[in-house]
Amino acid sequence: MAQRIAILPEIITNKIAAGEVVERPASVIKELVENSLDAGATDITVEIAAGGRRLIKIMDNGHGMSREDALLSLERHATSKIKSDSDLDGINTLGFRGEALPSIASVSRFRLASREANNQEGTEIIVEGGRVKDVKACGMAPGTVISVEQLFFNTPARQKFLRSAETEAGHVGDTLTRMAISRPDVAFSCTSDGRELLRVQRSDLLRRLSQALGKNTAANLHEISASSNGISISGFISAPSTCRSTTNAMFTYINGRFVRDKVIQHAIMQAYRGVIDRGRYPVVALFIELSPGEVDVNVHPTKHEVRFRHQAAVHDTLQTALEDLLRKSPWLTRQPPPTVPPAAPTISQAYKERIAAAAQTSLGIAPRPDAPRFYPAKDTKPVPVKPAATEAITVREPDTSFQPEPTPSAPEGYFSSLKIIGQFHAEYILCQSENEMVIIDQHAASERVAYQRLRQQFENNAVESQRLLFPETLELSFAEVAAARRFSNDLTRIGLELEPFGGNTVIITALPRLAAAHGGTRLIRDILADLTSLSASSAFLDARDNLLSRIACHSVVRGVHQLENRQITELLRAMDETDFAASCPHGRPVSHVIALAELEKIFKRT
Ligand code: ADP
Ligand code: MG
């Protein structure tokens, strides 16, 4: 019988391992930066071209490698970080599997150069698709430089899964952000196609968070420090008002390693239960330290998941620590430091010019042709801005949500024909129609009306937008910035305009008119969070209804809200005018009818 089974050549096993560890440029960067950190580097520089598809280059000032070690490092299962089985129970380094370098080198054109400080020269090794092509001495500063060109050039199936350069660069930025937050004592910088993506000096955690997440977010963070049951917890958590629609700003680390763990996330959400709306997530940077024997990081090749020996203890310790801090509501008592002069923001000249430009356009004057527009709306028609005479300049107060546009010529429809009884609990409108009592959820109804209007406007070209007199600035994540750029034309169609303002900061210059009165920060964060998962404009069209319903949701006041009769009449009229389905865009009912007969039954009149 012919032999069927063969042991695979190493070049193939490396490619298979690469399938698990190397998903995209960002995962290469994660592995290489982890190596740099394990090598004691205090300064790490990253360069990428075409989102890392063409080039990824990492330079560090770590302890470097000798010629022998450099050659060994490219062998599978070659590591300096563990020596025996028992070491697996006490891992103190980020790496230990000895897989990253050979895996990456097997699916790219790879160059490693490394020098130990006590050596006069370094060693350079060139590898192509896993085959060593050249080994030679080279002059270089102590440390290690690795460049990875044409990732997946020999695995076309994988290459197909890579997204656009912008999307990949966004992932790289997010990966580096996670690592930079974990090590404020290390300087990081990254350029993408020559443009600076990130640069952070060595500092402390709060300053690092302020650089990574933005000053506004950092100002609402509160320090946490607790330890019990052999578990120590430190870091910062946000006030409930500083929340997001995704878990993207939940940075959680176990023994210095970024993890996305269900137990940890559940504990955090339990602590915030009751102070944060459903579907919202806090901003946290939490460092959980426990004895390495208490946690198994060898669950998944990317090590994003872990297993705890005493899961319940970790969960409860974390939840209690957060609850203790949240119960004190430090955000309610915190005083601004006395040295800071009250409300004297230093507004840059550029910002002043932007405000002036925006003010002009909102008054109906055409924008200055030289006003920078980083996100050109190439193939969309200009957004209809209402004529100057009727255009209100938004200063962010007047509540227009219950003032649907008067439509005097509207034919009398079902809702307009109702006799208004009044308002119940400032949340429901009670009406009468012949033998029925009609109860309307005013919030759901307003949302439905807004949604229908937005859809109509979208179909007629673009959602009406309103320029802001005082544009808001907003600091975003890398993935969000990439999404903003990728969908800038589509965003214009739903009435949103953003302009870059250096780094990851954008200026919100225009908002959908219906939602403008409520400010744009939350709305834009929510919309961009939805968009980060989409890749193409066609996907945007599929997501359109969701996005419009997000805007609708942001355009109305929630909870109790006293209405005047005039406002109720207008709402009822608007309900007739819109192609009205009996539920809000989220699928909740808008109105409910109780027949007289039902009441008669209740009161035993029949
Ligand atoms: P692991 O990190 O799991 O040990 P890798 O394949 O990532 O496996 O790296 C193999 C070895 O190469 C490491 O154990 C380390 O000794 C060495 N090495 C890799 N990158 C660096 C670096 N930037 N500086 C110094 N040594 C490095
Ligand atoms: Mg490694």
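Residues numbered from 1 in each chain as written. Chains lettered and ligands numbered in written order. Predicted model: local features only at pLDDT ≥ 70, side-chain atom pairs only at ≥ 80, totals over all residues. Heavy atoms only, no water.

S.K.: Residue-level account of the overall build of the protein chain, with values.
M.R.: The number of helices and strands found in the protein chain is 19 helices and 24 strands. In the protein chain, of all internal contacts separated by at least 6 residues, the share reaching a separation of at least 24 is 72%. If you sum the accessible surface of the protein chain, you get close to 30000 Å²; carbon and sulfur atoms cover 51% of it. (Helix = DSSP H or I, 4+ residues; strand = E, 2+ residues; numbered from the N terminus. Contact = heavy atoms within 4.5 Å. Areas by Shrake-Rupley, 256 points an atom, 1.4 Å probe, with all protein chains shown as cover.)

S.K.: Explain the packing of helix H14 (residues 478-486) against helix H16 (residues 521-532) residue by residue, including any values.
M.R.: Taken N-terminus to C-terminus, the directions of H14 and H16 make an angle of 85°; their axes are 9 Å apart at the nearest point. For the element pair H14 / H16, the angle class is roughly perpendicular. For the pair formed by H14 and H16, the contact residues are Ala 479, Glu 480, Ala 483, Ala 484 and Arg 486 on the first element and Arg 525, Leu 528, Leu 531 and Thr 532 on the second. In terms of residue class, the contact of H14 with H16 is built from 5 nonpolar, 1 polar and 3 charged. (Axes fitted to C-alpha atoms, helices over the stretch in contact; angles between N-to-C directions. Parallel < 35°, antiparallel > 145°, perpendicular 65-115°, else oblique. Nonpolar A, V, L, I, M, F, W, Y, C, P; charged D, E, K, R; others polar.)

S.K.: Describe in detail the site of ligand 1, supporting the description with residues and values.
M.R.: Around ligand 1, a shell composed of 21 residues is seen, among which Asn 35, Thr 79, Ser 80, Lys 81 and Gly 98 lie nearest. In this structure, a nitrogen atom belonging to ligand 1 sits 2.9 Å away from a side-chain N or O atom of Asp 60. Contact distances for ligand 1 include 3.2 Å between an oxygen atom and a backbone N or O atom of Ala 100. Calculation on ligand 1 without its partners gives an accessible area of 530 Å², and the protein chains cover 94% of this total. Those elements giving two or more residues to the shell around ligand 1 turn out to be helix H2 (25-38) and helix H4 (100-106). Among the elements that line the shell around ligand 1, the one with the most residues is H4, at 3 residues. Here the shell around ligand 1 is composed, by residue class, of 7 nonpolar, 10 polar and 4 charged. (Near = heavy atom within 4 Å. Polar contact = N/O pair within 3.5 Å; in protein donor to acceptor, adjacent residues only side chain to side chain.)

S.K.: Describe the pattern of salt bridges, naming the residues involved and giving the relevant values.
M.R.: Counted under the stated rule, the structure contains 24 salt bridges. For Glu 31, the salt bridge is made with Lys 30, and the minimal N-O distance between the two is 3.6 Å. When its relative accessible area of 6% is taken as the criterion, Glu 31 is described as buried. Two residues, Lys 81 and Asp 38, come together in a salt bridge whose shortest N-O distance is 2.9 Å. Here the residue Lys 81 occupies a position in the loop between helix H3 (67-72) and H4, and Asp 38 occupies one in helix H2, the gap between them amounting to 43 residues. Residue classification places Lys 81 among the partly exposed positions, given a relative accessible area of 25%. Where salt bridges share partners, they join Arg 280, Asp 526, Asp 530 and Arg 550 into one cluster. (Salt bridge = Lys/Arg side-chain N within 4 Å of Asp/Glu carboxyl O. Buried < 20%, exposed > 50% of the residue type's maximum accessible area, 1.4 Å probe, protein only.)

S.K.: Requested: an account of a nonpolar patch on the surface, with residues and values cited.
M.R.: A cluster of nonpolar side chains, contributed by Leu 8, Ile 12 and Ile 16, occupies part of the molecular surface with about 260 Å² of accessible area. Position of Ile 12 relative to the elements: it lies in helix H1 (residues 10-21). A relative accessible area of 36% means that Ile 12 is categorised as partly exposed. (Patch = residues over 30% accessible without salt bridge, like charges linked within 9 Å, V, L, I, M, F, W, Y side chains within 5 Å.)

S.K.: With reference to specific residues and values, describe the confidence of the model for the protein chain.
M.R.: Residues of the protein chain with pLDDT of at least 70 account for 85%, and the chain-wide mean is 83. Counting contacts from residues 334-409, a segment whose pLDDT is below 50, to residues more than four positions away or on other chains yields 113 contacts. (pLDDT = per-residue confidence, 0-100.)

S.K.: Account for the environment of His 592, naming residues and giving values.
M.R.: With respect to the secondary-structure elements, His 592 resides in strand S24 (residues 591-595). Separated by 155 residues in sequence, His 592 and Met 437 place their C-alpha atoms 8.3 Å apart. Contacts of His 592, omitting those with residues within four sequence positions, involve Met 437, Val 438 and Ile 439.

S.K.: Which residues make up the nonpolar core, and what are the values?
M.R.: Counting 45 residues, the largest nonpolar core has Ile 29, Val 33, Ile 44, Val 46, Phe 110, Val 148 and Phe 188 as the members making the most contacts within it. Here the element with the most residues in this core is H2; it accounts for 6 residues. Setting aside anything within four residues of it in sequence, one finds Phe 110 in contact with Leu 74, Leu 101, Ile 104, Ala 105, Ile 125, Ile 126, Val 127, Ile 146, Ser 147 and Val 148. Counting residues in each nonpolar core, the second largest holds 34 residues, with Phe 458, Ala 483, Leu 534 and Leu 548 among its members. (Core = buried A, V, L, I, M, F, W, Y, C linked by side-chain atoms within 4.5 Å.)

S.K.: So what's going on with the environment of Val 557? Residues and values would help.
M.R.: Note on placement: Val 557 falls in the loop between helix H17 (537-554) and helix H18 (565-577). The spacing of Val 557 and Glu 447 is 110 residues in sequence and 9.1 Å in space, taken between C-alpha atoms.

S.K.: Kindly report on the sheet that holds strand S21 (residues 465-475), identifying the contributing residues and their values.
M.R.: Sheet architecture is open: 3 strands sit in the order S21-S23-S22, paired in antiparallel fashion. Among the strands making up the open sheet, the edge pair consists of S21 and strand S22 (497-500). With direction set aside, neighbouring strand axes in the sheet form an average angle of 20°. Bridging between S22 and strand S23 (residues 505-512) involves 4 bridges; their strand directions are antiparallel. Note that in S23 the partner of Pro 500 across the bridge is Val 506. (Pairing = 2+ DSSP bridges.)

S.K.: Tell me about the pairing of strand S5 (residues 131-138), and name the residues and values.
M.R.: Pairing of strand S4 (residues 122-128) with S5, which is carried by 7 bridges, proceeds in the antiparallel orientation. Counterpart to Val 127 in the pairing with S5 is Val 132. Turn length for the S4-S5 hairpin, with the two strands adjacent in sequence and antiparallel, is 2 residues, and the turn residue Gly 129 shows positive phi of about 50°.

S.K.: Let's hear about the packing of aromatic side chains: which residues, and what values?
M.R.: One pass over the structure, following the stated rule, counts 5 aromatic pairs. Three or more aromatic residues link up through ring pairs in this structure, and these residues are Tyr 253, Phe 258 and Phe 287. We note Arg 109 situated over the ring of Phe 153; from NZ or CZ to the ring centre the distance is 4.0 Å. Lying over the aromatic face of Phe 458, Arg 493 brings its terminal NZ or CZ to 4.2 Å of the ring centre. (Phe/Tyr/Trp six-rings, centres within 6.5 Å; stacked < 30°, edge-to-face > 60°. Lys NZ or Arg CZ within 6 Å of the ring centre and 35° of its normal.)

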